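Listed here are the chains, written in short residue letters.
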Amino acid sequence: MMELKPITFLIGLVFGATLSLGGASSHRMIINALRLKDLRLMKIIMTALAVGVLGVSLVDAAGMAHLKIKPLYLLGVAFGGVLFGIGFALAGYCPGTCIVATAERKKDAVFTLLGGVLGATTFGLLYPIIEPVFIKPINFGEVRVPDLLGVPPLAVAVLLAAVLLTAAWLLPDRINERKETTATQSQTKAA
Amino acid sequence: MRAWLQARDPEEPIIPWWLAGTIIGLLLTISLTFAGHHLGAASEYEYTGGRILSLFSEAEKLPRWQGKLGVWWETILLLGVFVGAALAAWLTRKPSLEIPTLWREHFGADRWKRYAVAFLGGFIMLFGARLAGGCTSGHMISGISQLALSSFVFAITIFVTGILVAKWLYDWRTA
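Since we're looking at a predicted model, the values are computed, not measured.

### Examining the overall build of chain B
Summing up its helical and strand segments, chain B has eight helices and zero strands in all. Ordering the α and β elements of chain B from the N terminus gives α-α-α-α-α-α-α-α. Along the three orthogonal principal directions, the C-alpha set of chain B runs to about 50 × 40 × 35 Å. Here chain B holds 175 residues, and the buried ones make up 58% of them. In chain B, once contacts between residues fewer than 6 apart in sequence are set aside, the share between residues at least 24 apart is 53%. On chain B, roughly 7300 Å² of surface is accessible, and the fraction owed to carbon and sulfur atoms is 71%.

As structure tokens, then:
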């Protein structure tokens with residue numbers, strides 16, 4: 001187990017505050033992102049990925065990054081992703097943002113947190129049964145896209161960042177979203 | 001100043017998307033450079049459960065959890081996330097929320113109905129996250145930034161499924 005550093009707490013502090021201020025812990029913003037009606041969350045993710053991939057690739061090119069590549073075991077990653085997507089749409093929070101939402105006193109997020117602990121723990125207990133079926137077969141190991149294409153990581157990073165930033169810049173914030181809540185609020189004010 | 005003091009919509013952002021995204025991307029870069037780890041949340045859920053179980057069983061001796069139930073970087077990171085979010089919410093006077101507004105508009109004001117679905121969603125989501133090996137930040141954002149093929153597969157499956165289920169729940173089912 002690696003040494004604990006104070007900077008980890010500081011990174012968490014800024015991460016939590018940013019997710020809260022950016023609206024990433026908002027059920028409405030998450031669900032409307034998945035309904036493709038409010039794209040602001042997608043744009044946060046696109047910008048984070050563009051800045052992240054550029055930053056990480058530059059630091060790595062300088063030999064200073066501690067990369068940790070997740071292995072690709074196709075069955076587990078894809079089936080886990082499907083389950084994650086179902087839970088994501090039901091909860092309207094993700095594992096990190098439900099901690100943020102709990103800190104903001106959004107009461108339903110506490111239940112996602114509790115359900116999450118139970119779900120993750122159940123997985124841990126069932127791991128000996130799951131591993132031979134989902135993790136061991138069709139396991140390609142720690143594959144990176146640049147290795148697959150045979151090009152330098154920095155080239156892939158620049159291209160990906162350019163595509164993501166252009167998309168985030170060009171996409172509208174909202175698509176045909178009827179301002180249901182805003183309308184209700186103004187009615188309440190008028191009454 | 002008056003706008004600042006007025007009740008805020010707890011479900012609307014305060015800073016623009018490009019600023020939030022840039023900060024998150026920089027944090028990940030700083031984290032992988034100086035702290036030696038990425039950003040993530042999902043494993044801590046499993047180890048929290050393991051810690052609770054080890055209070056009244058010998059769960060810490062399971063091969064999967066052996067030597068992993070102590071305080072580690074993700075515990076400290078998430079403690080920071082919680083404190084940072086609480087501080088931001090307090091400083092910006094973000095009000096608390098009983099039920100999300102969009103849920104109320106589509107499924108009514110029954111709190112326990114919402115809490116039950118939030119719990120079920122959390123269960124399925126974290127089971128899936130552990131199976132896939134990470135979550136939105138730990139797998140998708142941290143992984144794609146490192147150009148891991150696995151994380152591209154994960155991102156595509158969570159969004160395709162998430163979009164279909166959200167459309168069904170909020171658009172097609174009620175239409």
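### Considering the layout of surface pockets
A volume near 690 Å³ is recorded for the largest pocket. Contributing to the lining of the largest pocket are 33 residues, with A:Lys68, A:Lys70, B:Ser43, B:Arg130 and B:Gly133 lying nearest its centre. Looking at the lining of the largest pocket, the elements that each hand over two or more residues are helix H6 (107-135) of chain A together with helix H3 (42-56), helix H4 (73-91) and helix H6 (111-132) of chain B. Looking at the lining of the largest pocket residue by residue, the class counts come to 17 nonpolar, nine polar and seven charged. Composition of the lining of the largest pocket by domain shows at least three residues from each of domain 1 (1-96) and domain 2 (99-175) of chain B.

### Some thoughts on the pattern of salt bridges
Residues and elements named next belong to chain A. One pass over the full model with this rule turns up 19 salt bridges over all chains. For Arg40, the salt bridge is made with Asp38, and the minimal N-O distance between the two is 2.7 Å. Judged by relative accessible area, Arg40 falls into the buried class, the value being 9%. Between Asp60 and Arg144 there is a salt bridge, with the nearest N and O atoms lying 3.9 Å from each other. With Asp60 in helix H3 (residues 40-61) and Arg144 in the loop between H6 and helix H7 (145-149), this pair connects stretches of sequence that are 84 residues apart.

### Considering the domain arrangement of chain B
All names here are of chain B. Segmentation of chain B into domains returns domain 1 (1-96) and domain 2 (99-175). Taking only C-alpha atoms into account, the centre of domain 1 sits 17 Å from that of domain 2. Listed by partner, the interface residues are 13 residues for domain 1 and 13 residues for domain 2. With both sides pooled, the region where domain 1 packs onto domain 2 buries about 940 Å², and carbon together with sulfur makes up 62% of that total. A per-residue breakdown of the area domain 1 buries against domain 2 is headed by Glu11, Leu28 and Ala42, which together make up 42% of the total. Summed over the shared surface of domain 1 and domain 2, the number is one salt bridge. Its salt-bridge partner being Arg130, residue Glu46 comes within 2.6 Å of it at the nearest N-O pair. Run the count over domain 1 and domain 2 and you get four residue pairs in polar contact (both at pLDDT 80 or more).

### Description of the packing of aromatic side chains
Counting across every chain of the model gives 13 aromatic pairs over all chains. Between A:Phe88 and B:Phe159, the aromatic rings sit 6.4 Å apart at their centres with planes inclined by 70°, giving edge-to-face as the arrangement. Of this pair, A:Phe88 sits in helix H4 (residues 74-91) while B:Phe159 sits in helix H8 (residues 149-172), which puts the two residues in different chains. Classification of A:Phe88 as buried rests on a relative accessible area of 3%. Note on B:Phe159: relative accessible area 16%, which makes it buried. Ring plane angle 85° and centroid distance 5.7 Å describe the contact between A:Phe111 and B:Trp112, whose orientation is recorded as edge-to-face. Taken together, the residues span two chains, with A:Phe111 in helix H6 and B:Trp112 in helix H6.

### Thoughts on empty space enclosed by the protein
Under the defined criterion, the tally for this structure stands at one cavity of 30 Å³ or more. Going through the elements one at a time, helix H1 (6-21) and H3 of chain A together with H4 and helix H7 (136-145) of chain B are the ones with two or more residues in the lining of the largest cavity. Tallied by class, residues from the lining of the largest cavity come to 15 nonpolar, five polar and no charged. Two domains each donate at least three residues to the lining of the largest cavity, and these are domain 1 (1-96) and domain 2 (99-175) of chain B.

### Some thoughts on the nonpolar core
Formed by 101 residues in total, the largest nonpolar core has its most connected members in A:Phe84, A:Phe88, B:Tyr45, B:Met140 and B:Phe159. Here this core takes 10 residues from H3(A), the largest share from any one element. Built from parts of two domains, this core gets at least three residues from each of domain 1 (1-96) and domain 2 (99-175) of chain B.

### Digging into the interface of chain B and chain A
Tallying the contact residues gives 120 residues for chain B and 124 residues for chain A. Between chain B and chain A, the buried area comes to about 10900 Å², and carbon and sulfur atoms account for 74% of it. Three residues stand out in chain B for area buried against chain A, namely B:Trp17, B:Leu131 and B:Leu147, and they jointly supply 8% of the buried area on that side. Connecting chain B to chain A are nine salt bridges. For B:Glu11, the salt bridge identified is with A:Arg28, shortest N-O distance 3.7 Å. At the junction of chain B with chain A, the criterion picks out 37 residue pairs in polar contact (both at pLDDT 80 or more). Those elements that place two or more of their residues in the side of chain B that touches chain A are helix H2 (17-35), H3, H4, helix H5 (101-107), H6, H7 and H8 of chain B. Element by element, the count of residues in the side of chain B that touches chain A is highest for H6(B), at 19 residues. The class makeup of the residues in the side of chain B that touches chain A is 72 nonpolar, 35 polar and 13 charged.

### What to know about the packing of H3(B) against H6(B)
Residues and elements named next belong to chain B. Running from N to C, H3 and H6 cross one another at 105°; their axes reach a closest spacing of 9 Å. Here H6 runs roughly perpendicular to H3, going by the angle between their axes. Contacts between H3 and H6 involve Ala42, Ser43, Tyr45 and Glu46 from the first element and Leu126, Ala129 and Arg130 from the second. Residue composition of the contact of H3 with H6, grouped by class: four nonpolar, one polar and two charged.

Criteria and cut-off values
Residues numbered from 1 in each chain as written. Chains lettered and ligands numbered in written order. Predicted model: local features only at pLDDT ≥ 70, side-chain atom pairs only at ≥ 80, totals over all residues. Heavy atoms only, no water. Helix = DSSP H or I, 4+ residues; strand = E, 2+ residues; numbered from the N terminus. Buried < 20%, exposed > 50% of the residue type's maximum accessible area, 1.4 Å probe, protein only. Contact = heavy atoms within 4.5 Å. Areas by Shrake-Rupley, 256 points an atom, 1.4 Å probe, with all protein chains shown as cover. 1 Å grid on protein atoms, 1.4 Å probe; cavity = no way out; pocket = protein on both sides within 12 Å on 5 of 7 lines; lining within 4 Å. Points joined across faces, edges and corners; volume = space filled by probe spheres on them. Nonpolar A, V, L, I, M, F, W, Y, C, P; charged D, E, K, R; others polar. Domains from an automatic or database assignment. Salt bridge = Lys/Arg side-chain N within 4 Å of Asp/Glu carboxyl O. Buried area = accessible area lost by both parts, 1.4 Å probe. Polar contact = N/O pair within 3.5 Å; in protein donor to acceptor, adjacent residues only side chain to side chain. Phe/Tyr/Trp six-rings, centres within 6.5 Å; stacked < 30°, edge-to-face > 60°. Core = buried A, V, L, I, M, F, W, Y, C linked by side-chain atoms within 4.5 Å. Axes fitted to C-alpha atoms, helices over the stretch in contact; angles between N-to-C directions. Parallel < 35°, antiparallel > 145°, perpendicular 65-115°, else oblique.

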